[in-house]
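Working through the structure, step by step
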Amino acid sequence: MRSLIYRSASKTVRTLISASKSSPLVAEGRAVAAATVTSFRGKVPSAASFSSRAGSESSSRGWVSGALALPAAAYMLQEQEAHAAEMERTFIAIKPDGVQRGLIAEIISRFERKGFKLVGIKLVVPSKDFAQKHYHDLKERPFFDGLCDFLSSGPVLAMVWEGEGVIKYGRKLIGATDPQKSEPGTIRGDLAVVVGRNIIHGSDGLETAKDEISLWFQPEELVNFTSNSEKWVYGVN
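This is a predicted model, so every value here is computed, not measured.

A sheet is described by the order of its strands in space; here four strands give the open sequence E2-E3-E1-E4, paired in antiparallel fashion. Two strands in the sheet have a free side with no partner beyond their single neighbour: strand E2 (117-124) and strand E4 (200-202). On average, each strand axis in the sheet is tilted by 20 degrees relative to the strand beside it, whichever way the strands run. Where strand E1 (residues 87-94) meets E4, three bridges bridge the pair, whose relative direction is antiparallel. Paired with isoleucine 94 across the bridge in E4 is isoleucine 200. Seen against the sheet, helix H6 (residues 104-114) touches E1, E2, strand E3 (156-164) and E4 and runs at an angle of roughly 10 degrees to E3. Strand contacts of helix H11 (residues 206-216): E1, E2, E3 and E4, with the helix running at about 55 degrees to E1, the strand carrying the most contacts.

A few words now on the UniProt feature "binding site: ATP" (unreviewed entry) in the protein chain. The sites that carry the UniProt feature "binding site: ATP" (unreviewed entry) are, in the present numbering, Lys95, Phe143, Arg171, Thr177, Arg188 and Asn198. Mapped onto the secondary structure, phenylalanine 143 falls in the loop between helix H7 (128-134) and helix H8 (144-151). Overall, the relative accessible area of 41% leaves phenylalanine 143 in the partly exposed class. If you trace the backbone, asparagine 198 turns up in the loop between helix H10 (187-191) and E4. Using a relative accessible area of 4% as the deciding quantity, one classes asparagine 198 as buried. Those residues in contact with asparagine 198 that sit more than four places away from it in its chain are Lys95, Asp97, Thr177, Pro179, Arg188 and Ala192.

For H6, the complete set of buried residues consists of Ile107, Ile108, Ser109, Arg110 and Phe111. Where H6 ends, the next residue or the one after it, glycine 115, has phi of about 115 degrees, a positive value.

For H11, the set of buried residues is Ala209, Glu212, Ile213 and Trp216. Projection of H11 onto a plane perpendicular to its axis shows the buried side chains occupying an angular sector of 100 degrees, all on one side.

The subject of this paragraph is the pattern of salt bridges. Under the definition given, this model contains nine salt bridges. Glutamate 162 is the salt-bridge partner of lysine 117, the closest N and O atoms lying 3.1 Å from each other. One end of the pair, lysine 117, is in strand E2; the other, glutamate 162, is in strand E3, and 45 residues separate them in sequence. A relative accessible area of 9% places lysine 117 in the buried class. We classify glutamate 162 as buried; its relative accessible area is 15%. The residue glutamate 207 makes a salt bridge to lysine 210 at a minimum N-O spacing of 4.0 Å. Here the residue glutamate 207 and the residue lysine 210 both occupy positions in helix H11, the gap between them amounting to three residues, near one helical turn. Each of Arg89, Lys117, Glu162 and Glu230 takes part in salt bridges that share partners, so that together they form one network.

So, how was this worked out
Residues numbered from 1 in each chain as written. Predicted model: local features only at pLDDT ≥ 70, side-chain atom pairs only at ≥ 80, totals over all residues. Heavy atoms only, no water. Pairing = 2+ DSSP bridges. Helix = DSSP H or I, 4+ residues; strand = E, 2+ residues; numbered from the N terminus. Axes fitted to C-alpha atoms, helices over the stretch in contact; angles between N-to-C directions. Contact = heavy atoms within 4.5 Å. UniProt positions renumbered as here; feature names shortened; annotations may be inferred. Buried < 20%, exposed > 50% of the residue type's maximum accessible area, 1.4 Å probe, protein only. Arc of directions from axis to C-beta. Salt bridge = Lys/Arg side-chain N within 4 Å of Asp/Glu carboxyl O.

Spelled out as structure tokens, the structure:
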């Protein structure tokens, strides 16, 4: 128990010291964490030492509960400090069936309502060769040729969305590949019926997102900006 408390407090101090941004709250947290680790060093203080510090049994309990609660408070600070580093970008494409059915506004609004930020968008008709590059990981599948024919059959709305956890949660918004297995409330669950016309594509991982974004967009086609809504989405002031 003693080593567990000490390790937790030590980790708290390291976290707070390594925080990249300082604020009165963080500075105060550092001071309290340092004091706590100093008190815990070597052994957990006895009940008698707690009593002598506080002068009464009740204040002793308060000192102990405050010290043991420190790791949880520091964890919250750590989460806030690390928030900015967790932003991701993902590639989302509304396929020809989604464009032809007039679902562009509906799909964009779902990502916007979630709180994600649109940083790149364009309407293109990809060539068959380009479609083959996009689906290169499926080239051994029997449906590869038909898949590429369909993607190149009409306009595709290519987009890049940014946000915390946007890759993983973007897939949740989209739903399962088979619309009939997609949950109600997802894009495919609400708006599509069969696999061959599932209206939307989304990157399935960090490396895939990077590859697909670089395939569909030039760097200068993507924008970097701070949305006025971010402080309300993430609590960043």
